[in-house]
Number of protein chains: 2
Amino acid sequence: MTERKEFRNLAPPEEAHAAIDSLDLAPGPEHVPLEDARGRVLAERIDADLDVPGFDRGSMDGYAVRARDTFGADEADPVELDYVGAVHAGAEPDVTVEPGTCAEISTGAVMPDGADAVVMVERTEERDDGGSAGTDTPDRVAIRTSVAPGDNVMVAGADIAAGARALGPGTRLTPREIGLLSALGVDEVPVRGKPKVGIISTGDELVRPGEPLDSDRGQIYDVNSTTIATGVEEAGGEPVLYPHAGDDYAEMERLLTRAADECDLVLSSGSTSASAVDVIYRVIEDRGELLLHGVAVKPGKPMLIGRLERSTESTRTGASAYVGLPGYPVSALTIFRTFVAPAIREAAGQPDPRTATITGEMGVQERYSEGRMRLMPVGLLEREDRPPLVYPVDKGSGATTSLVEADGVVTVDPDTEVLDEGEAVDVTLFSPDVRPPTLLGVGEDDPALNRLLDRVERPRYLPVGSREGLRRLRDGLPDVAVTAGPVDRDVDSVELGRWSREWGLVVPAGNPADVTGVADLVDDDLRFVNRTTDSGLRTSLGNEVAALADARDVDRHALVEAVEGFDLTVRAFESPARRVASGDADVGLGLRATAEKLGLGFVSLGTQDIVVRANPDRVDTAGVAGLEDALDDVGAVVDELPGYED
Amino acid sequence: MTERKEFRNLAPPEEAHAAIDSLDLAPGPEHVPLEDARGRVLAERIDADLDVPGFDRGSMDGYAVRARDTFGADEADPVELDYVGAVHAGAEPDVTVEPGTCAEISTGAVMPDGADAVVMVERTEERDDGGSAGTDTPDRVAIRTSVAPGDNVMVAGADIAAGARALGPGTRLTPREIGLLSALGVDEVPVRGKPKVGIISTGDELVRPGEPLDSDRGQIYDVNSTTIATGVEEAGGEPVLYPHAGDDYAEMERLLTRAADECDLVLSSGSTSASAVDVIYRVIEDRGELLLHGVAVKPGKPMLIGRLERSTESTRTGASAYVGLPGYPVSALTIFRTFVAPAIREAAGQPDPRTATITGEMGVQERYSEGRMRLMPVGLLEREDRPPLVYPVDKGSGATTSLVEADGVVTVDPDTEVLDEGEAVDVTLFSPDVRPPTLLGVGEDDPALNRLLDRVERPRYLPVGSREGLRRLRDGLPDVAVTAGPVDRDVDSVELGRWSREWGLVVPAGNPADVTGVADLVDDDLRFVNRTTDSGLRTSLGNEVAALADARDVDRHALVEAVEGFDLTVRAFESPARRVASGDADVGLGLRATAEKLGLGFVSLGTQDIVVRANPDRVDTAGVAGLEDALDDVGAVVDELPGYED
């Protein structure tokens, strides 16, 4: 086994922040067209270089007058002025308002020479004495009010005047600022550049989404590259994805140098393999400078911070900044958000987001005693009139589903060993937009349930199986548990609804092995794929096996030992059928609905009821009510699924 | 004057919301590449169609073993297993772990046949007995711990399994969801379409930013188009800008129909002219359906809501939605945000933003009695340990600067006639990102001050002139007032700093009229441009005129009457000079710094002091402290400005 770098002296989190702060990843300013400027940050102050408006401007539809001519006029005793013409918006006035005269003016038009006020049209009346017969203009206009000089006139520069400070450097451009820049005629804006962030995923097993996957070779889709790239965008940077790197030194060196040449910051990410991390470590030490390795934060142990020298081919000067992220997706994103995103925002000039922190109550007890600060991903559950319920989500499993099952992070002090159930904790939401789910469900996975959940606003459902679901319902965390088939545990709950599904054995199309039931699994040489013991399908299958054992008067264990793959269990209702479809198995435990969906054969073994059970304390919550509403339509949903009945 | 539509029966705001809700502006779903999916909203549920991982996966670097072989092993009494080979991530295993053997495995690699657990490398030791001499692989491995089946193995589908519900419809895609989609190999995502929103600005006077402006013809830059377009983007729509429309019926009809053909929603915006609104009104009535005109909201009186029929050339079916917005920018944006943006978000499937509402205290008394609900734009000022100060910003002036001087809106009930100073009010921020300024300054405009403000975080400065600034400081609203020249009002304040600037008469380059002082303005036939009486420059000029009057023993008024343009006042320090530069004036009141910047001549009349005065109650705030820090560097700032001294 390769020699591996041990991270024995972990740096405190503040040192990691300081090390990243010491890196220079700010690009130079650039100019963007105004229409692309939303969300960007001004690189410099913008002073007005013209008066707005650029002329004295009528601000009402009405008549431009000399104010002095209207003194004393009122409804009872109007003043009559001679009509000399009209001025429209966007046209140069071709009339002059001499004493005793007026000119029609529309809002926004240039005040004609001589006039110093506008009387609004509602306080005037056109008068004709025949002089303008044949035209649609009046001879005179009765003015029924007096106005002062400047009334209903916006003088040149009154809005913003040449030389005035319009917007300061660092201003983030929203519709309002863009409106002001438009008024100033600005169509190109000097903004802070977006730091270019190169992302290198390490791991020979990684495949880009959309490309074919060879599971036999242990390939998996690359999660960290796209996740971190999206996070870079969100922080105001411009992500650049590089090809995956294996743990070959020369290849890694070439890739890291190329990324350093082209970017302000290079992030490596994706590998959970110590040897790949080790290769990166050596490249950074050889080709740059390692400022820090390993941070006393869970999950920050494998974090690297340093600089990477650029090659002579680079158009950039100096070294590129470098940060190595942990491999597990939730860990990578958490460390990215905590340490790297603030530096990207700083470099882009973007203000820190108004980080939403909410206080919730622990829904379970949580123990921890590693003596490192811990950034604990947690899920939330909204409750009425009470703080939201908080529960830990990812325990280092590296699961990508944890990404969407967590809503934020609780920072747990190194000294804290226990967080008690009911204890108040502060949760830093992943973004201020995060809205906790309104419904937390656990239990069996089922395609009808998946469709029903589409009708609930912000549900979260953890398909942990019937048995585990009931256990969690008993412990009080979820709102509902969904079970399939017979249950062996009596949990206090309120039934919200039920339907049935046909289950049995999924076989290749045409049932080439002529499977008729469980006995064939025992007696014939068939490769079987089972579900986990938490699944209600597995419980129903267990009952069939027990019945066969009774009938043959043999031990149940003897039967299952005879089934090749009885212990080969997979997690969700489609997985066994997919193994049959791919030819990796001859028979899979599953549903008629799945078999028909995948064009496979099906041997029915019966039906089982799916029951939706609510936590008695939560039957009145908005989320549970939403699920109840959806259950009113369960008939329509199960109609679409073969073998289903309500 | 054209007949104009009167809006006598204003609809209550709820009716306006209902009318917009009745319009259909949701486009169909579309598919976007995963890398462009950030911020988009899923159009449909995504179920996993593969197991993740697709194989049983080692989750540690170490040795793959049969768990049974390790039973009883510990540090004191390790078990030795024969080394049969290695499995690396991304490669298909070429070894089988028979009883009594083990295989090296790296994190993420496929579990070799036979093995059911992984022992982490830290709990092992390689042993050689010469059998593998000449290779770098060991003969045997000592296992110092016992493991259970499944330890350090992530079974196929354990993360997410085929058929499981991954993400529900309506989910907004953030880095986390994009991570999960990556794991599923999804590279194209079905998302809700962005509603296409056509924007038609009306007004012959409008010019697009970047194009030349003819102020003599009353042209102004179009503000609403870009502002509203940016707001449309922010709400999740796709803006389409159409050419400006005048108030010609046929042109307006053609433009509105074209926009309806191409868009889901058409917004007209920009005109303050009643006649243009009237033309639109008639087009909508003739070519569509008007659902509502005029809403009992200030500023919603001229709002229109309806539908526009499409022509036979359109590829879209049915009618387009239509909303007419008020003309003043702040009004247009306020109505857009209140009524239109929610409908665009709904159509795009975007969740409502977590609208930030904060409670503040009125800094001034505000009266209102129009019997309509009022959406009052307000500015905010952060205060330590107290709610922010709230003050009304736009009073219907139509100023574009109000766009950036307001931070949010207070909804004032139709029955409310007075909001008292100190009264608590709820402010709906323009966006949750809005951060109130830390410093509110008022007073003289000055280029050195503009530069100093660049060094303060989030300052807001209203250049209302020295005199008005002092008045406001006395009333207690701002943190600081900045005055220039002699002041005639004694206001309790703390001086934070001062510098001096040279002022005088700005003349064309080379001073062709040979101006030497104020006397030339009086005696010669020169077109002069003055500053407003609020300006400290004007006060200094007044003192010069008074001195000349004394010297000549004439009345001051007689002198100023003799100056052509003495009453032609403009608002900011550069404006008069710019009139000289454009040839519209012979002499302007101004600064040496401005004259040199614009390449003009300058006749010095003296220097005046700029004094920064703090509100005595606020000297300890962060904003004032920031300005004080900036003032420490005033020397460096004034060094760059001709005629300035600290």
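Residues numbered from 1 in each chain as written. Chains lettered and ligands numbered in written order. Predicted model: local features only at pLDDT ≥ 70, side-chain atom pairs only at ≥ 80, totals over all residues. Heavy atoms only, no water.

K.L.:
I'm lost on the overall build of chain A in this one. Help?
P.N.:
Helix and strand counts for chain A stand at 17 helices and 37 strands. A compact globule built from 646 residues should have a C-alpha radius of gyration of about 26 Å, whereas chain A, at 36 Å, is more than 25% larger. Judged by the C-alpha coordinates and their principal axes, chain A covers about 120 × 65 × 50 Å. Within the span of chain A, comprising 646 residues, buried residues form 56% of the whole. (Helix = DSSP H or I, 4+ residues; strand = E, 2+ residues; numbered from the N terminus. Rg over C-alpha atoms; globule rule 2.2 N^0.38 Å. Buried < 20%, exposed > 50% of the residue type's maximum accessible area, 1.4 Å probe, protein only.)

K.L.:
Before we go on, may I ask you to explain the sheet that holds strand S16 (residues 238-241) of chain B in this structure?
P.N.:
Strands in a sheet are paired, the pairing made by backbone hydrogen bonds, and the direction either parallel or antiparallel. Residue and element names in this part refer to chain B. Pairing is mixed across the open sheet formed by six strands, whose spatial order is S16-S13-S17-S21-S20-S18. Each edge of the open sheet carries a strand with a single partner, namely S16 and strand S18 (288-293). Adjacent strand axes in the sheet meet at a mean angle of 20°, parallel and antiparallel pairs treated alike. The strands touched by helix H1 (residues 13-21) are S18, strand S20 (304-308) and strand S21 (320-324); relative to S18, the strand with the most contacts, the crossing angle is about 155°. Helix H7 (residues 329-348) rests against strand S13 (196-201), strand S17 (265-269) and S21 of the sheet, and its axis sits at about 160° to S17. (Pairing = 2+ DSSP bridges. Axes fitted to C-alpha atoms, helices over the stretch in contact; angles between N-to-C directions. Contact = heavy atoms within 4.5 Å.)

K.L.:
Hey, could you run me through the sheet that holds strand S6 (residues 101-105) of chain B in this one?
P.N.:
Residue and element names in this part refer to chain B. The strand order across the open sheet formed by six strands is S7-S4-S6-S5-S9-S8, and the pairing between neighbours is mixed. Unpaired on one side and paired on the other, strand S7 (117-120) and strand S8 (124-127) mark the two borders of the sheet. Taken over all neighbouring pairs, the strand axes of this sheet differ in orientation by 40° on average, direction set aside. Across four bridges, strand S4 (residues 62-65) lies against S7 in antiparallel orientation. Within S7, the residue paired with Gly-62 across the bridge is Met-120.

K.L.:
I'm lost on the pattern of salt bridges in this one. Help?
P.N.:
A pair can form between side chains of opposite charge whenever their charged atoms are brought close. What the rule picks out here adds up to 84 salt bridges over all chains. For A:Arg307, the salt bridge identified is with A:Glu289, shortest N-O distance 2.9 Å. In this pair, A:Arg307 sits in strand S20 (residues 304-308) while A:Glu289 sits in strand S18 (residues 288-293), placing the two residues 18 residues apart along the sequence. Judged by its relative accessible area of 38%, A:Glu289 is partly exposed. Residue B:Glu177 is joined to B:Arg176 by a salt bridge in which the shortest nitrogen-to-oxygen separation is 4.0 Å. Comparing B:Glu177 with B:Arg176 shows no difference in burial state: the two are buried. Sharing partners across several salt bridges, the network here consists of A:Glu75, A:Glu80, A:Arg123, A:Glu125, A:Arg127, A:Arg140 and A:Arg144. (Salt bridge = Lys/Arg side-chain N within 4 Å of Asp/Glu carboxyl O.)

K.L.:
Is there a simple way to think about unusual backbone geometry in this case?
P.N.:
Excluding glycine, residues mostly have negative phi values, and the peptide bonds linking residues are mostly trans. Residue and element names in this part refer to chain A. Across the junction of Val-52 and Pro-53, the peptide omega takes the value -10°, indicating a cis bond. Secondary-structure assignment places Pro-53 in the loop between strand S2 (46-47) and strand S3 (57-58). Following Lys-298, the chain continues into Pro-299 via a peptide bond in cis, with omega recorded as 15°. On the secondary structure map, Pro-299 appears in the loop between strand S19 (297-298) and S20. For Asp-514, which is not a glycine, the phi torsion comes out positive at approximately 55°. Considering the arrangement of structural elements, one finds Asp-514 in the loop between strand S32 (494-507) and helix H11 (518-523). The exposed category is assigned to Asp-514, whose relative accessible area is 56%.

K.L.:
Help me out: how do you make sense of helix H10 (residues 466-475) of chain A in this one?
P.N.:
Along an α-helix, residues three or four apart share an orientation, since each turn contains 3.6 residues. Residue and element names in this part refer to chain A. Those residues of H10 not exposed but buried are Ser-466, Glu-468, Gly-469, Leu-470 and Leu-473. The inward-facing, buried residues of H10 contact strand S29 (439-443), strand S31 (480-484), helix H12 (536-552) and strand S36 (601-614). Gly-476, located one to two residues past H10, shows a positive phi value of around 95°.

K.L.:
Please clarify how the relation of the copies chain B and chain A should be interpreted in this entry.
P.N.:
Each copy of the chain is related to the other by a rotation around an axis and a translation along that axis. Superposing chain B onto chain A takes a rotation of 180° combined with a translation of 0.0 Å along the rotation axis, leaving an RMSD of 0.1 Å. These values place the two chain copies in the arrangement generated by a two-fold rotation axis. Across chain B, the smallest distance between a C-alpha and the rotation axis is recorded for B:Pro432, namely 4.3 Å. Mapped onto chain A, 97% of the interface residues of chain B again fall at the interface, so both copies present the same surface. (Least-squares fit on C-alpha atoms with pLDDT ≥ 70 in both.)

K.L.:
Looking at this model, I keep getting lost on the pairing of strand S35 (residues 587-591) of chain A. Mind explaining?
P.N.:
The side chains of a regular strand alternate, residue by residue, between the two faces of the sheet. All names here are of chain A. Counting buried residues along S35, five of its five residues qualify, which places the element largely inside the surrounding structure. Where burial is concerned, the two faces of S35 agree: the one with Val-587, Leu-589 and Leu-591 and the one with Gly-588 and Gly-590 are both buried. Inspection of the sheet shows strand S33 (residues 528-531) paired to S35 by two bridges, in the parallel sense. Looking across to S35, one finds that Val-529 is bridged to Gly-588.

K.L.:
It is not clear to me how helix H4 (residues 224-234) of chain B should be interpreted in this structure. Could you clarify?
P.N.:
With nine of 11 residues buried, H4(B) is to be regarded as a mostly interior element. Looking at the buried residues of H4(B), the elements they touch are helix H3 (175-183) of chain A together with S13, S16, S17, H7 and helix H8 (401-405) of chain B. B:Gly236 lies just past H4(B) and shows a positive phi near 100°.

K.L.:
Even after reading the chapter, I still don't get the pairing of strand S5 (residues 79-87) of chain B, so can you show me in this structure?
P.N.:
Residue and element names in this part refer to chain B. Judged from the four bridges that link them, S5 and strand S9 (residues 140-143) form a sheet pairing that is antiparallel. Within S9, the residue paired with Val-79 across the bridge is Ile-143. As defined by bridge partners, S5 adjoins S6 across four bridges and the pair is classed as parallel. Looking at the pairing, Tyr-83 lines up with Cys-102 of S6.

K.L.:
Got a minute to help me understand the packing of H1(B) against H7(B) in this structure?
P.N.:
Two measures define how a pair of helices packs: the angle their axes make with one another and the distance between the axes. Residue and element names in this part refer to chain B. Look at H1 against H7: their axes get within 10 Å of each other, and the N-to-C directions meet at 25°. With respect to each other, H1 and H7 are oriented roughly parallel. For the element pair H1 and H7, the recorded crossing hand is right-handed. Judged by residue contacts, Pro-13, Ala-16, His-17 and Ile-20 of H1 engage Thr-338, Phe-339, Val-340 and Ala-343 from H7. Considered class by class, the residues forming the contact of H1 with H7 number six nonpolar, two polar and no charged. (Parallel < 35°, antiparallel > 145°, perpendicular 65-115°, else oblique. Left-handed = near helix turned anticlockwise from the far one by under 90°. Nonpolar A, V, L, I, M, F, W, Y, C, P; charged D, E, K, R; others polar.)

K.L.:
Please explain the interface of chain B and chain A as it appears in this structure.
P.N.:
A common way to express how large an interface is: the accessible area buried when the components associate. Of the residues lining the interface, 120 residues belong to chain B; the matching set on chain A comes to 117 residues. Buried area between chain B and chain A, summed over both chains or domains, comes out near 9,300 Å², and the portion from carbon and sulfur atoms is 52%. Where chain B meets chain A, there are eight salt bridges. The salt bridge partner of A:Asp454 is B:Arg165, with a shortest N-O separation of 2.7 Å. (Buried area = accessible area lost by both parts, 1.4 Å probe.)

K.L.:
Is there a simple way to explain a negative patch on the surface in this structure?
P.N.:
A cluster of like negative charges, contributed by A:Glu384, A:Asp385, A:Asp620, A:Glu628, A:Asp629 and A:Asp632, occupies part of the molecular surface. Relative to the elements of secondary structure, A:Asp629 occurs in helix H16 (residues 622-631). (Patch = residues over 30% accessible without salt bridge, like charges linked within 9 Å, V, L, I, M, F, W, Y side chains within 5 Å. Areas by Shrake-Rupley, 256 points an atom, 1.4 Å probe, with all protein chains shown as cover. Lys, Arg positive; Asp, Glu negative; His and termini not counted. Charge placed at Lys NZ, Arg CZ, Asp CG, Glu CD.)

K.L.:
Can you walk me through the side chain of A:Asp479 in this structure?
P.N.:
Residues and elements named next belong to chain A. By the secondary structure assignment, Asp-479 is in the loop between H10 and S31. Residue Asp-479 is classed as buried on the basis of its relative accessible area of 2%. In terms of polar contacts, Asp-479 uses its side chain to reach the side chain of Arg-618, at 2.7 Å. Not counting chain neighbours up to four residues away, the residues in contact with Asp-479 comprise Leu-381, Thr-438, Leu-439, Leu-440, Leu-473, Arg-613, Ala-614, Asn-615, Arg-618 and Val-624. (Polar contact = N/O pair within 3.5 Å; in protein donor to acceptor, adjacent residues only side chain to side chain.)

K.L.:
Can you walk me through the environment of A:Arg208 in this structure?
P.N.:
All names here are of chain A. Examined against the element boundaries, Arg-208 turns out to sit in the loop between strand S14 (206-207) and strand S15 (220-221). Along the backbone, Arg-208 and Ala-519 are 311 residues apart, and their C-alpha atoms lie at a distance of 43 Å. For Arg-208, the contacting residues outside a window of four places in its chain are Tyr-221, Asp-222, Leu-241, Tyr-242, Pro-243 and His-244. One polar contact links the side chain of Arg-208 to the main-chain carbonyl oxygen of Tyr-242, over a distance of 2.8 Å.

K.L.:
It is not clear to me how the confidence of the model for chain A should be interpreted in this structure. Could you clarify?
P.N.:
Detailed reading of predicted coordinates is not advised where the pLDDT is low. This prediction gives chain A a mean pLDDT of 90; 96% of its residues lie at or above 70. Both scores are given for the predicted complex: the pTM is 0.87, the ipTM 0.87. (pLDDT = per-residue confidence, 0-100.)

K.L.:
So what exactly am I meant to see when it comes to the environment of B:Glu405 here?
P.N.:
Residues and elements named next belong to chain B. Note on placement: Glu-405 falls in helix H8. According to the relative accessible area criterion, Glu-405 is partly exposed, its value standing at 22%. A C-alpha to C-alpha distance of 9.8 Å links Glu-405 and Pro-437, two positions 32 residues apart in sequence. In contact with Glu-405, other than residues within four places in its own chain, are Gly-379, Tyr-391, Val-393, Arg-460 and Leu-462.

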